[in-house]
Amino acid sequence: MSAPGAGLPAHPGLAGGPVYLDYNATTPVDPRVTAAMWPYLSDFFGNPSSSHPYSQEPQRALAEARAKVAALLGAGPGEIVFTGSGSEADLLALRGAVLASSRPHPHVIAQATEHPAVLETCRALERLHGARVTILPVDADGLVTPAELAAALTEDTVLVSVMAANNETGALQPITELAALVHERGALFHCDAAQAVGKIPLRVGELGVDLLTVVGHKMYAPKGAAALYVRDGVRLEPVVYGGGQERGLRAGTENVALTVALGTAAQLAAAELADGAPARFAALRDDLHQRLTASLPGRVHLNGPETNRLPNTLNVSIDGVLGHELLAAVGQLAASTGSACHSGTHTPSPVLTAMGLDRDRALGALRLSLGRWTTAGDIETAAAALTQAAAAQ
């Protein structure tokens, strides 16, 4: 079995278990992240808002973590607001923009394959705050077309939210072009970049976004650590009221340990990107795809764009199988399907159906997402196990 990235410490949580190809769902916490955060759980307990010596190290660590997240995004440290989850960051962006707007009839635009954190917030804005919401369709690759967005924009549009990369297919949206259209009409642009940050280079200035969501547990930090980039000058209504922490947008004593973890994860991600990690992931992903198509000729179909996608993500449907049944038969692999189970009945992924896939193809989908500890040997094992199980069905 070939080794993952050079100098990468072994991960105890993966030792002896199934091949893990569900990195888009969550990532193992990097041991270097765990080591960095531990002193702030054990020794440096002070409140960073206090003025005595016990607060000094937490204050310093908080500022350093903010600077590391900002550096990964090409932002200023003062533009980073720490939150408790990506869903909270999305809520702060969408609700915050609508409530801070002076428009009497605020209009929000999202697109059909957004994460539920965005779509459900849009529904709540309609229900609770009288907003009007437009959900844009996507094409067969799961992409928003600039023409569709341009036609939907109105003088009442407050904010447009389009994700950087889809969590199921890895499809990369044309964020720079979309954001430019939105700014021409005087609205704000939010990008949920939970799946993209750390996997591909992202610079907020080049993207032209006003708000961008970062999620720690998608980039080897613990769950409960996230952030929202808020461009200087953007006004938002706070998501939590109280003592004025996080620019007054998210009150509450900061979780210094998790913030340190997120900062360390951002620093490691920046180094990994500079070391060519996207190309390594793309090579492994393509090897997995090629092995499956060669072993199951004519039965494997790629879902989403062939090139314009995350380097670590492969979403395929296999003719004649149901994704959840196939994975249940492959005990040596941990991955996800394109369906959801409700009361024992599986329904197709809304992402895949929005792209126009029929029910059978959507139910046959597998999402295979690679990460920091994926090796060439893992790919060989996964391909062989999936082929054997699919051939038997």
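In short, a report on the structure. Note that the structure is predicted; figures quoted are calculated from it, not measured. (Residues numbered from 1 in each chain as written. Predicted model: local features only at pLDDT ≥ 70, side-chain atom pairs only at ≥ 80, totals over all residues. Heavy atoms only, no water.)

This paragraph deals with the pairing of strand 4 (residues 132-136). Relative to strand 4, strand 3 (residues 107-111) runs parallel, the two sharing five bridges. Bridge pairing in strand 4 places Ile109 opposite Thr134. In this fold, the crossover linking strand 3 to strand 4 by way of helix 5 (residues 116-129) has right-handed handedness. (Pairing = 2+ DSSP bridges. Helix = DSSP H or I, 4+ residues; strand = E, 2+ residues; numbered from the N terminus. Right-handed = clockwise from strand over helix to strand, strands pointing away.)

With that settled, consider the sheet that holds strand 10 (residues 313-318). Reading across the sheet, the four strands line up as 9-10-15-12 and stay open at both edges, with antiparallel pairing between neighbours. Edge positions in the sheet fall to strand 9 (300-302) and strand 12 (336-337), since each has one partner strand and no second. Along the sheet, helix 10 (residues 277-295) makes contact with strand 9, strand 10 and strand 15 (365-369), crossing strand 10 at roughly 10°. (Contact = heavy atoms within 4.5 Å. Axes fitted to C-alpha atoms, helices over the stretch in contact; angles between N-to-C directions.)

Considering the arrangement of structural elements, one finds Gly96 in helix 4 (residues 86-100). Expressed as a C-alpha distance, the spacing of Gly96 and Val239, which sit 143 residues apart in the sequence, is 6.9 Å. Setting aside its immediate chain neighbours within four residues, Gly96 contacts Leu91, Arg235, Leu236 and Glu237.

On to helix 7 (residues 175-184), then. Along an α-helix, a turn takes 3.6 residues, which lines up residues three or four apart on a common side. Those residues of helix 7 lying buried are Ile175, Leu178, Ala179, Leu181 and Val182. Seen along its axis, helix 7 keeps its buried residues to an arc of 160°; they face one direction. (Buried < 20%, exposed > 50% of the residue type's maximum accessible area, 1.4 Å probe, protein only. Arc of directions from axis to C-beta.)

Right, let's talk about the packing of aromatic side chains for a bit. Counting across every chain of the model gives five aromatic pairs. Here the aromatic rings of Tyr20 and Tyr23 are separated by 5.0 Å at their centres, their planes lie at 65°, and the arrangement is edge-to-face. Centre to centre, the rings of Tyr23 and Tyr220 are 6.2 Å apart; their planes meet at 55°, and the pair counts as tilted. Here Tyr220 lies in the loop between strand 7 (211-215) and strand 8 (226-230) and Tyr23 lies in the loop between strand 1 (19-20) and helix 1 (31-37), a separation of 197 residues in the sequence. Given the relative accessible area of 2%, Tyr23 is considered buried. Classification of Tyr220 as buried rests on a relative accessible area of 7%. An aromatic cluster is defined as three or more aromatic residues linked by ring pairs; in this entry it consists of Tyr20, Tyr23, Tyr220 and Trp373. (Phe/Tyr/Trp six-rings, centres within 6.5 Å; stacked < 30°, edge-to-face > 60°.)

Glancing now at the side chain of Ser161. Residue placement: Ser161 occurs in strand 5 (residues 157-161). Residue classification places Ser161 among the buried positions, given a relative accessible area of 0%. A polar contact of 2.8 Å, which involves the side chain of Ser161, links it to the side chain of His190. Residues within four places of Ser161 in sequence aside, it is in contact with Leu94, Ile109, Ala110, Gln111, Glu114, Val118 and His190. (Polar contact = N/O pair within 3.5 Å; in protein donor to acceptor, adjacent residues only side chain to side chain.)

Attention shifts here to unusual backbone geometry. Here the phi dihedral of Tyr220 falls at roughly 75°; this positive angle occurs in a residue that is not glycine. Located in the positive-phi region is Arg247, a residue other than glycine, with phi close to 60°. Within the element layout of this structure, Arg247 appears in the loop between strand 8 and helix 9 (256-274).

Bear in mind that shape data such as this cannot, by itself, settle questions of function.
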